[in-house]
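The primary structure of each chain is shown beneath.
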Amino acid sequence: QVQLVESGGGLVQVGGSLRLSCAASGRFFSIGAMGWYRQAPGKQRELVAGITVGDITNYADSVKGRFTISRDNAKNTVYLQMKSLKPEDTAVYLCNAYVTDYGIYSWGKGTLVTVSS
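Calculation criteria
- Each chain has its residues counted from 1, following the order in which its sequence is written.
- For this predicted model, a pLDDT threshold of at least 70 governs which residues receive local features, and a threshold of 80 or more governs which side-chain atom pairs are given and counted, while totals over whole chains, interfaces and linings are taken from all residues.
- With hydrogens and water excluded, all non-hydrogen atoms of the structure serve as input to the side-chain values.
- We call a set of buried residues a nonpolar core when its members are Ala, Val, Leu, Ile, Met, Phe, Trp, Tyr or Cys and they connect through side-chain atoms within 4.5 Å of each other.
- Exposed residues in this analysis have more than 50% of their type's maximum accessible area, buried residues have under 20%, and partly exposed residues fall in between, with area computed by a 1.4 Å probe over protein chains only.
- Each helix is a run of H or I in the DSSP string that is no shorter than four residues. Each strand is a run of E no shorter than two, and both are numbered from the N terminus.
- Only strands that DSSP links by at least two bridges are regarded as paired with each other.
- To get an axis, fit a line to the C-alpha atoms, keeping to the stretch in contact for a helix; angles then go from 0 to 180 degrees between the N-to-C directions.
- A pairing counts as a salt bridge when a side-chain nitrogen of Lys or Arg comes within 4 Å of a carboxyl oxygen of Asp or Glu.
- Only the six-membered ring of Trp is used, alongside the rings of Phe and Tyr, when aromatic pairs are assigned; centres must lie within 6.5 Å, and planes under 30 degrees apart are stacked while those over 60 apart are edge-to-face, with the rest tilted.
- Criterion for a charge above a ring: Lys NZ or Arg CZ within 6 Å of the ring centre, and within 35 degrees of the ring normal.
- Any two residues whose heavy atoms approach within 4.5 Å at even a single point are treated as in contact.

Draft legend 1. Quick peek at the nonpolar core. W36, V48, F67, V78, L80, M82 and Y93 are the most contacted members of the largest nonpolar core, which has 30 residues in total. Elements supplying a minimum of two residues to this core: β1 (2-7), β3 (18-26), β4 (31-39), β5 (46-51), β7 (67-72), β8 (77-82), β9 (91-99) and β11 (111-116). Here this core takes five residues from β9, the largest share from any one element.

Written as structure tokens, this is what we have:
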């Protein structure tokens, strides 16, 4: 019904930048809030940033001032601009979206971000 595909992950040095993208496709009329989560080895999955249809945003304290979430509703796409990356940011980043049509949350498979020194 709804598929989310992330892209933009990769290897970056400490202090570097990376931009992630997540595009939704499939059979739906409306997508509500979208967000980015991350999961590092041995760690819980955590919310990194979220954004509403009206562009209201929220961030984890650990990324405030460094990451920026945005969306393009016409393209059903959400972005995560990451700057001043730290080794602690290393994780699989997953996209999430609320599909209003079905009242469900959809998840992408994730994209790996590795920050090295």
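Draft legend 2. How the structure looks around the pairing of β1. Across the two faces of β1 the burial differs, with V2, L4 and E6 buried and Q3, V5 and S7 not buried at all. Where β1 meets β3, six bridges bridge the pair, whose relative direction is antiparallel. Considered in β3, the bridge of L4 is made with A24.

Draft legend 3. Main features of unusual backbone geometry. The residue D55 is not glycine, and still its phi comes out positive at about 70°. Along the chain, D55 falls in the loop between β5 and β6 (57-59). Taking relative accessible area as the criterion, D55 reaches 47% and is therefore assigned partly exposed. With a phi angle near 50°, S84 is a residue other than glycine that sits in the positive phi range.

Draft legend 4. Region of the structure containing the sheet that holds β7. Strand order in the open sheet formed by four strands is β1-β3-β8-β7, and the pairing between neighbours is antiparallel. Looking at strand neighbours, the two that pair on one side only are β1 and β7, the edges of this open sheet. Going across the sheet, the axis of each strand differs from the next one's by a mean of 15°, ignoring polarity. Pairing of β3 with β8 involves six bridges; the strand directions are antiparallel. The residue of β8 that forms the bridge with S21 is Y79.

Draft legend 5. Structural detail: the pattern of salt bridges. Per the counting criterion, the structure on display carries four salt bridges. A salt bridge links R38 to D89, with the nearest nitrogen and oxygen atoms 2.9 Å apart. Highlighted residues: R38 in strand β4 and D89 in the loop between β8 and β9, separated in sequence by 51 residues. Both residues of the pair, R38 and D89, count as buried.

Draft legend 6. Quick peek at the packing of aromatic side chains. Summed over the entire model, instances satisfying the criterion amount to two aromatic pairs. Just above the ring of W107 sits the side chain of R45; from NZ or CZ to the centre is 4.8 Å.

Draft legend 7. Inspection of the environment of V78 at higher detail. As for its position among the elements, V78 is in strand β8. When its relative accessible area of 0% is taken as the criterion, V78 is described as buried. In this structure the C-alpha to C-alpha distance between V78 and W36, which are 42 residues apart in sequence, comes to 8.7 Å. Apart from the residues lying within four places of it in its own chain, the contact partners of V78 are L20, S21, C22, M34, W36, I51, I69, S70, R71 and C95.

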